[in-house]
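The chain contents come next:
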Amino acid sequence: MIKVASGEEGSVLVAGFAAGPLRSNCYLLAPAAGGPCLVVDPGEGAAGPLAEALAEHGLTPVALLATHGHPDHVGAAAELSRAHGVPLRLHPGDGDWYDGPFEPLAPGETEAAGLTVRVLPLPGHTPGSVAFTVETGEGGRLVFTGDTLFAGSVGRTGGSGSDLENSLRTLLTLADDTVVLPGHGPATTIGRERAANPFVPGAGQ
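Residues numbered from 1 in each chain as written. Predicted model: local features only at pLDDT ≥ 70, side-chain atom pairs only at ≥ 80, totals over all residues. Heavy atoms only, no water.

1. Let's talk about the side chain of Thr189
Of note, Thr189 is situated in strand S15 (residues 188-189). Setting aside its immediate chain neighbours within four residues, Thr189 contacts Asp176, Thr178, Val179 and Val180. (Helix = DSSP H or I, 4+ residues; strand = E, 2+ residues; numbered from the N terminus. Contact = heavy atoms within 4.5 Å.)

Set out below in structure tokens:
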């Protein structure tokens, strides 16, 4: 279990774990323990570990968010939607990857679980790839990047390489201290990737 921030006043609770054959990261995000939460990328194999994490922190999902539609990131969404009575929110550009009902994600801000989440379109890995940014209070910043940006690497493109490059440039507009929570692997920061990720446009400059 990855615990990124505590649920103290002025911060948020963020917990994550890797699940499924591709070890995709699933995250819980809440203002504090014992209340509503968001689930980001409920992928294949995530249902069991997610149930344990929800029980540990006393959380109830009120929204399921997907950074993109690949099965390793949405494979458990239909089951969770039925169990908790909440739909998956997915960019319509990736709707063909998911066979259940979903609510389209649009660029801009969305409110859920008492949190403001900004949706950034990041086409390239898939047509409907997005990132989610959240302010944690006291100046903290998080971005859930899915399979667009990893620690020391980037995602494969399923379409246009130029789209992926433009999406990486979009992420580089975020502050250096923004904590990056990727779809696979460990957390990092925008500043660290800007300085040393060889696949990021202009890295090290």
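2. Regarding the environment of Leu174
Mapped onto the secondary structure, Leu174 falls in the loop between helix H4 (161-171) and strand S14 (179-182). Considering only alpha carbons, one finds Leu174 and Leu65, 109 residues apart in sequence, at a separation of 21 Å.

3. Structural notes on the sheet that holds strand S10 (residues 130-137)
On the basis of which strands lie adjacent, the open sheet formed by six strands has the order S8-S9-S10-S11-S14-S15 and mixed pairing. Every other strand in the sheet has two partners, leaving strand S8 (108-112) and S15 as the edge strands with one partner each. Pairing geometry for S8 and strand S9 (residues 115-121), over five bridges, is antiparallel. Note that in S9 the partner of Glu111 across the bridge is Thr116. (Pairing = 2+ DSSP bridges.)

4. Some words on the pairing of S14
The sheet contact formed by strand S11 (residues 140-146) and S14 spans four bridges and is parallel. In the strand pairing of S14, Leu142 is matched with Val179. The pairing of S14 with S15 spans two bridges and is classified as antiparallel. Bridge pairing links Val179 to Thr189 in S15. In this structure, the hairpin formed by S14 and S15 is closed by a connection of five residues, where Gly185 is found at a positive phi of approximately 80 degrees.

5. Section: helix H3 (residues 77-84)
Think of an α-helix as turning once every 3.6 residues; residues three or four places apart then point the same way. Along H3, the residues classified as buried are Ala77, Leu80 and Ser81. Buried residues in H3, looked at end-on, bunch into an arc of 105 degrees, giving them a common side. Counted as exposed and oriented over 90 degrees from the buried face of H3: Arg82 and Ala83. At the C-terminal side of H3, Gly85 shows a positive phi close to 70 degrees. (Buried < 20%, exposed > 50% of the residue type's maximum accessible area, 1.4 Å probe, protein only. Arc of directions from axis to C-beta.)

6. A look at the packing of aromatic side chains
For the structure shown, the criterion picks out one aromatic pair. Seen from their ring centres, Tyr27 and Phe144 are 5.2 Å apart, and the 65 degrees between their planes marks the pair as edge-to-face. With a gap of 117 residues between them, Tyr27 in strand S3 (residues 24-30) and Phe144 in strand S11 connect regions that are remote in the sequence. The burial state of Tyr27 is the same as that of Phe144; both residues are buried. (Phe/Tyr/Trp six-rings, centres within 6.5 Å; stacked < 30°, edge-to-face > 60°.)

7. Some words on the pattern of salt bridges
Where side chains of opposite charge bring their charged atoms close, a pairing between them can arise. Scanning the model with the defined rule gives four salt bridges in all. Between Arg89 and Glu103 there is a salt bridge; the shortest N-O distance is 3.6 Å. Taken together, the positions of Arg89 in strand S6 (residues 88-90) and Glu103 in strand S7 (residues 102-104) put the pair 14 residues apart, joining distant regions of the chain. A relative accessible area of 17% places Arg89 in the buried class. (Salt bridge = Lys/Arg side-chain N within 4 Å of Asp/Glu carboxyl O.)

8. With respect to the nonpolar core
General note: in soluble globular proteins, nonpolar side chains tend to be found buried as a group. Leu28, Cys37, Val39, Leu50, Leu59 and Leu88 are the most contacted members of the largest nonpolar core, which totals 24 residues. Contributing elements (two or more residues each) for this core: strand S2 (13-19), S3, strand S4 (36-40), helix H1 (47-57), H3 and S6. Looking at which element gives the most residues to this core, the answer is S2, with four residues. Counting residues in each nonpolar core, the second largest holds 20 residues, with Val40, Leu65, Leu105 and Ala113 among its members. (Core = buried A, V, L, I, M, F, W, Y, C linked by side-chain atoms within 4.5 Å.)

Everything listed here is a matter of coordinates, which is why it stays silent on function.
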